[in-house]
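Here are the chains, one letter per residue:
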There are 2 protein chains.
Amino acid sequence: MRFARFDLGGHPRYGLIEGDRILPISGSPFEPWRRDGADIALDQARLLIPVVPSNFYAVGMNYASHIRERARGLGIAPELPSRAEPGYRSPSALVAHEDEIVLPPDTTSVQFEGELVVVIGRRAKHVREADALKYVLGYTIGNDVSERKWQKIDRTFWRCKNSDTFKPMGPWIETDVALESLRTRVRVNGAQHIEFPTNDMLFGVARFIATISEYCTLHPGDVIWMGTEGASCDLHAGDIVEVEISTIGTLRNAVVAASRNIHERIPV
Amino acid sequence: MRFARFDLGGHPRYGLIEGDRILPISGSPFEPWRRDGADIALDQARLLIPVVPSNFYAVGMNYASHIRERARGLGIAPELPSRAEPGYRSPSALVAHEDEIVLPPDTTSVQFEGELVVVIGRRAKHVREADALKYVLGYTIGNDVSERKWQKIDRTFWRCKNSDTFKPMGPWIETDVALESLRTRVRVNGAQHIEFPTNDMLFGVARFIATISEYCTLHPGDVIWMGTEGASCDLHAGDIVEVEISTIGTLRNAVVAASRNIHERIPV
């Protein structure tokens, strides 16, 4: 099944996607639900981020080639992690499928990172790795947009990874996924930059759920971004960046420059 | 004014604290509100965390003596940051005033860190430092409980700072605060371990709000934990730890050992 979250008259609603229609449901897929309301055309709907996570986990170093590429960019020796260790991102940076990625005025190198996103479906604590996938509602797609200058010079990842609009996520949650057969492809303006087996991770989805849940309770709607593979490239205003994961869908976002008026402020 | 969030018949409610009473209000202090319902005795109420933040910022290195102490603990040279840079914590670790801090079974050194917590009241983007405090609803208190072994050996702060119950926050939000005159005191079992001028920060509240808001929109209810000063000490099961900030209040939590049965799992 595919669950989309979409705007209906200014309010967020969940619905099932069937073909080119959205069939609205009551409540959310994280609780008992039923069909509720008239279906609408998918191409008429404005999709929202498929979940607003309370806790936003992200794995930084989970694919061998990406670790070597990042080490090269930072001028350091690559080191593969020996354990599953998550980091965090901030929900304030999330935007939906077809929303714009806004380049801040003082950026020099903003790059894509196409990622599988795990959406937790049920409360999980002290979960065995063998049981861990039962706590997953489904999967969506993330673009872990990153500013490489700040990633190099800042002490934390706050702005390099969490500037407004730097975390596109969507288009929807797919519940029926065979992790082993997934392939991730990233395209910029239609040209493919990278293709890799999505599940070719150092530590997989089940391992991360089991590890996190030994110490931190996972809650319905929490997300775990599973990291990316290989090298990336700079994005520029006017680009269209697409992250496709087979059988899940394609997350597409346009890149735009920030308005010149960076000192436009909200009235006090 | 003091806004408390408390449990009323299983539902969270906000109220004003006046003397030893809570005067319930409609909605929340982040929107227009009015008095709503009969007042109740403060000592009969179970206080909840005063806000559930969507975005949870935390400043790691913001007091000179604490930076020297942490460097000593890690066996590295102390380095004062030259810029305001926030990190993140995860809301899953939050517990309220009078809730228990649970020591995981495999911990060796769990310590307190008493912190001022800024509660954002209004959406903020591109805010000038001179205007920044106008976006603050008020202040509460945090205990940035930290496991020092994991802080040393893990690649990220996920479990050393974000294990379940490691982020006590409360007891309430105080809106009338003179930052310059605040003093923070931390007591364990009634004995004071540290006292410091709360505002003796390398980078103050206004600077952090202005800096964050250049890149990341701050939202009502977001919190910024402002860091701690000096050295800490190990907590043990049976301890009572109190963080007092003058004119705001006292955050008090008991420390308990995790149940022996760490493999108790939620049924699948």
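Residues numbered from 1 in each chain as written. Chains lettered and ligands numbered in written order. Predicted model: local features only at pLDDT ≥ 70, side-chain atom pairs only at ≥ 80, totals over all residues. Heavy atoms only, no water.

Caption draft 1: Quick peek at the relation of the copies chain A and chain B. Aligned on chain B, chain A shows an RMSD of 0.0 Å; the corresponding rotation is 180° and the shift along the axis is 0.0 Å. Taken together, the rotation and translation relating the two chain copies correspond to the operation of a two-fold axis. When you check the interface residues of chain A against chain B, 100% turn up at the interface there too, and the contact is symmetric in its surfaces. (Least-squares fit on C-alpha atoms with pLDDT ≥ 70 in both. Contact = heavy atoms within 4.5 Å.)

Caption draft 2: How the structure looks around the confidence of the model for chain A. All names here are of chain A. Within chain A, residue pLDDT values average 95, and 97% of them lie at 70 or more. Of the regions scoring below 50 in pLDDT, residues 263-268 engages in 17 contacts with residues more than four places distant in sequence or in other chains. The ipTM value of the predicted complex is 0.95, and its pTM value is 0.95. (pLDDT = per-residue confidence, 0-100.)

Caption draft 3: Representation of the sheet that holds strand β18 (residues 240-245) of chain A within the structure. All names here are of chain A. A sheet is described by the order of its strands in space; here five strands give the open sequence β9-β19-β18-β15-β16, paired in mixed fashion. Two strands close off the open sheet at either side, each with one partner strand: β9 (100-103) and β16 (191-197). Averaged over all pairs of adjacent strands, the angle between strand axes in this sheet comes to 20°, irrespective of strand direction. As paired strands, strand β15 (residues 183-188) and β18 are joined by five bridges and run antiparallel to one another. Each residue of the ladder has a partner; that of Arg187, found in β18, is Glu242. (Pairing = 2+ DSSP bridges. Helix = DSSP H or I, 4+ residues; strand = E, 2+ residues; numbered from the N terminus. Axes fitted to C-alpha atoms, helices over the stretch in contact; angles between N-to-C directions.)

Caption draft 4: Representation of the packing of aromatic side chains in the model. This model, assessed by the stated rule, comprises 14 aromatic pairs over all chains. Between Tyr63 of chain A and Phe196 of chain A, the aromatic rings sit 5.2 Å apart at their centres with planes inclined by 70°, giving edge-to-face as the arrangement. With Tyr63 of chain A in the loop between β6 (56-58) and α1 (64-74) and Phe196 of chain A in strand β16, this pair connects stretches of sequence that are 133 residues apart. Between Tyr215 of chain A and Trp150 of chain B the ring centres are 4.8 Å apart and the planes differ by 70°, which places this aromatic pair in the edge-to-face class. Linking Tyr215 of chain A in helix α4 (residues 205-215) with Trp150 of chain B in helix α2 (residues 148-153), this pair reaches from one chain into another. Across the pair, Trp150 of chain B and Tyr215 of chain A agree in class, each one buried. Within the aromatic cluster, the residues linked to one another by ring pairs are Trp150 and Trp158 of chain A together with Tyr215 of chain B. Stacked on the ring of Tyr135 of chain A, the Lys or Arg Arg122 of chain A has its end atom at 5.3 Å from the ring centre. (Phe/Tyr/Trp six-rings, centres within 6.5 Å; stacked < 30°, edge-to-face > 60°. Buried < 20%, exposed > 50% of the residue type's maximum accessible area, 1.4 Å probe, protein only. Lys NZ or Arg CZ within 6 Å of the ring centre and 35° of its normal.)

Caption draft 5: Molecular detail of α1 of chain A. All names here are of chain A. Every buried residue of α1 is listed here: Ala64, His66, Ile67, Arg70 and Ala71. Here the buried residues of α1 occupy an arc of 160° about the axis, which is enough to place them on one side. Residue Gly75 follows α1 closely and has a positive phi angle near 70°. (Arc of directions from axis to C-beta.)

Caption draft 6: Structural detail: the interface of chain A and chain B. At the interface, 49 residues of chain A touch 49 residues of chain B. Note that Asp164 of chain B is salt-bridged to Lys125 of chain A, the shortest N-O span being 2.8 Å. Here chain A and chain B share 25 residue pairs in polar contact (both at pLDDT 80 or more) between them. When contributions to the side of chain A that touches chain B are tallied by element, the ones reaching two or more residues are β7 (87-88), α2 (148-153), α3 (158-162) and α4 of chain A. With four residues, α4 of chain A is the single largest residue contributor to the side of chain A that touches chain B. (Salt bridge = Lys/Arg side-chain N within 4 Å of Asp/Glu carboxyl O. Polar contact = N/O pair within 3.5 Å; in protein donor to acceptor, adjacent residues only side chain to side chain.)

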